[in-house]
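# A structural walkthrough
Chain by chain, the residues:
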2 protein chains.
Amino acid sequence: MFKKLDPLLHSELRLAVMSVLLGLKEADFNYIKEQTQATAGNLSVQLDKLAQAGYISVEKGFEGKRPKTTCRITPAGIQAFENYVESLKDYIKR
Amino acid sequence: MFKKLDPLLHSELRLAVMSVLLGLKEADFNYIKEQTQATAGNLSVQLDKLAQAGYISVEKGFEGKRPKTTCRITPAGIQAFENYVESLKDYIKR
DNA sequence: TAATTTGGTTTATATTATAAACTTATTTAT
DNA sequence: ATAAATAAGTTTATAATATAAACCAAATTA
């Protein structure tokens, strides 16, 4: 009846992160932070979890002398997101 | 950008409960338990939270000699559910 | 009358989410 | 030159949540 919701995606911030990344080829830490209105600490933790799950890739580099963290959604991430949305329909369809 | 998701509804079990109740005039504890595949303890706790929030009403009565808990969604609950679904669209629309 | 079932509630634990505090390096101002 | 402020995150501590296990009372069945 009700499909299980992927707990990694059923989180307000992580879902917002995935939503931001879906629309884009890549996005850096601060852009995601602005779009999601997250605190840096919270975002850092949640990006780690998404990366651990293989839903995003995180690349740490530099822009000039400043560190720059760039994130991309992976094919597995896209698939997981689609599954999540599909599962959600059980809950919200009328 | 991303609307805040009502934390009372952004919970797998509570959302499933609301989803069940939306389709029905009323439902008793065990029916909801079956539909959602929840344990009794978990369901009891989550029904309390929904009732505290005024999203459902819970009526404890008897059927014959056996206790029977009947739940109904309230107008506030319907409104909250609709708001939640509307907010979700920010996150899942492509 | 002892064991089992029904219909739950309460309590304890594990997991999560989140913010606050901290770190390291870079600019900017004095 | 050096002190203060800013940038870009990470780590750690705390609060909130979800969940199952343990429990309880009444009714039914063996």
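Scroll up a little and you will see the structure.
What this report covers is the structure whose coordinates are included nearby. (Residues numbered from 1 in each chain as written. Chains lettered and ligands numbered in written order. Predicted model: local features only at pLDDT ≥ 70, side-chain atom pairs only at ≥ 80, totals over all residues. Heavy atoms only, no water.)

### Things to note about the packing of aromatic side chains
Residue and element names in this part refer to chain A. Put simply, the rule reads: Here the aromatic set is Phe, Tyr and Trp, taking the six-membered ring for Trp, and pairing holds for ring centres within 6.5 Å; pairs whose planes are under 30 degrees apart are stacked, those over 60 apart are edge-to-face, and all others are tilted. Counting from the N terminus, the helices are the DSSP runs of H or I reaching at least four residues and the strands are the DSSP runs of E reaching at least two. Only protein chains enter the accessibility calculation, which uses a 1.4 Å probe. A residue is then buried if its area is under 20% of the maximum for its type, exposed if over 50%, and partly exposed in between.
Within this structure, the stated rule accounts for 2 aromatic pairs over all chains. Here the aromatic rings of Phe-2 and Tyr-91 are separated by 4.9 Å at their centres, their planes lie at 40 degrees, and the arrangement is tilted. With Phe-2 in the segment before helix H1 (12–22) and Tyr-91 in helix H4 (residues 75–92), the pair connects residues that are 89 residues apart, well separated along the chain. Here Phe-2 matches Tyr-91 in class, with each residue buried.

### Observations regarding the packing of H4(A) against helix H1 (residues 12–22) of chain B
Definition in use: The angle between two axes is taken between their N-to-C directions and runs from 0 to 180 degrees, where each axis is a line fitted to C-alpha atoms and a helix contributes only its stretch in contact. Angle categories are assigned with fixed cut-offs, so that under 35 degrees is roughly parallel, over 145 is roughly antiparallel, 65 to 115 is roughly perpendicular, and the rest are oblique. Any two residues whose heavy atoms approach within 4.5 Å are treated as being in contact. For this classification, Asp, Glu, Lys and Arg are treated as charged, while Ala, Val, Leu, Ile, Met, Phe, Trp, Tyr, Cys and Pro are nonpolar and the rest, including Gly, are polar.
Where H4(A) contacts H1(B), the axes come no closer than 8 Å and their chain directions differ by 45 degrees. Relative to H1(B), the element H4(A) is oriented oblique. Residue-level contacts link Leu88(A), Asp90(A) and Tyr91(A) of H4(A) to Glu12(B), Leu15(B), Ala16(B) and Ser19(B) of H1(B). Among the residues making up the contact of H4(A) with H1(B), the classes are represented as 4 nonpolar, 1 polar and 2 charged.

### Regarding the relation of the copies chain A and chain B
Put simply, the rule is: Only residues with pLDDT of at least 70 in both copies contribute their C-alpha atoms to the least-squares superposition of the copies.
With an axial shift of 0.0 Å and an RMSD of 0.0 Å, the rotation relating chain A to chain B amounts to 180 degrees. Here the symmetry operator amounts to a two-fold rotation axis. Closest approach to the rotation axis among the C-alpha atoms of chain A is made by His10(A), whose C-alpha sits 3.9 Å away. The fraction of interface residues of chain A whose copies in chain B are also interface residues reaches 100%, indicating that both copies meet through the same surface.

### Let's talk about the pairing of strand S3 (residues 66–73) of chain A
Residues and elements named next belong to chain A. Note the threshold: Two strands are counted as paired when DSSP detects at least two bridges linking them.
Strand direction decides the pairing type here: strand S1 (residues 27–28) and S3, joined by 2 bridges, are antiparallel. Within the sheet, the bridge partner assigned to Asp-28 lies in S3 and is Thr-70. Bridge analysis of strand S2 (residues 56–63) against S3 gives 8 bridges, and the strand direction is antiparallel. Counted as the bridge partner of Ser-57 is Arg-72 from S3.

### Details of the interface of chain A and chain B
Formally: By buried area we mean how much accessible surface two parts lose on assembly, using a 1.4 Å probe and totalling the loss over both. Within this document, salt bridges are pairs made up of a side-chain nitrogen of Lys or Arg and a carboxyl oxygen of Asp or Glu, the two lying within 4 Å of each other. Within 3.5 Å is the distance limit for a polar contact, defined as a pair of N or O atoms, with the added protein rule that one can donate a hydrogen and the other accept it, and that residues adjacent in sequence qualify only through two side-chain atoms.
The interface is formed by 24 residues belonging to chain A together with 24 residues belonging to chain B. Counting the surface lost from both chain A and chain B, the interface buries some 2000 Å², and carbon and sulfur atoms represent 62% of this. Applying the counting criterion to the chain A and chain B interface returns 2 salt bridges. Between Glu12(A) and Lys4(B) there is a salt bridge, and its shortest N-O distance comes to 3.4 Å. Linking chain A with chain B are 8 residue pairs in polar contact (both at pLDDT 80 or more).

### Quick notes on the protein's contact with DNA strand D
Put simply, the rule reads: Think of it this way: one heavy atom of a residue within 4 Å of a molecule or strand is enough to make that residue near it.
Taken together, 21 residues sit near DNA strand D, with Ser44(A), Lys60(A), Arg66(A), Thr69(A) and Arg14(B) positioned nearest. Between a phosphate oxygen of DNA strand D and a side-chain N or O atom of Asn30(A), the distance comes to 3.3 Å. Take Lys60(A): an N or O atom from its side chain is 2.5 Å from a phosphate oxygen of DNA strand D. Elements represented by at least two residues in the surface near DNA strand D include exactly helix H2 (29–36), helix H3 (40–52) and S3 of chain A together with helix H3 (40–52) of chain B. Counting residues per element, the surface near DNA strand D draws most heavily on H3(B), at 5 residues.

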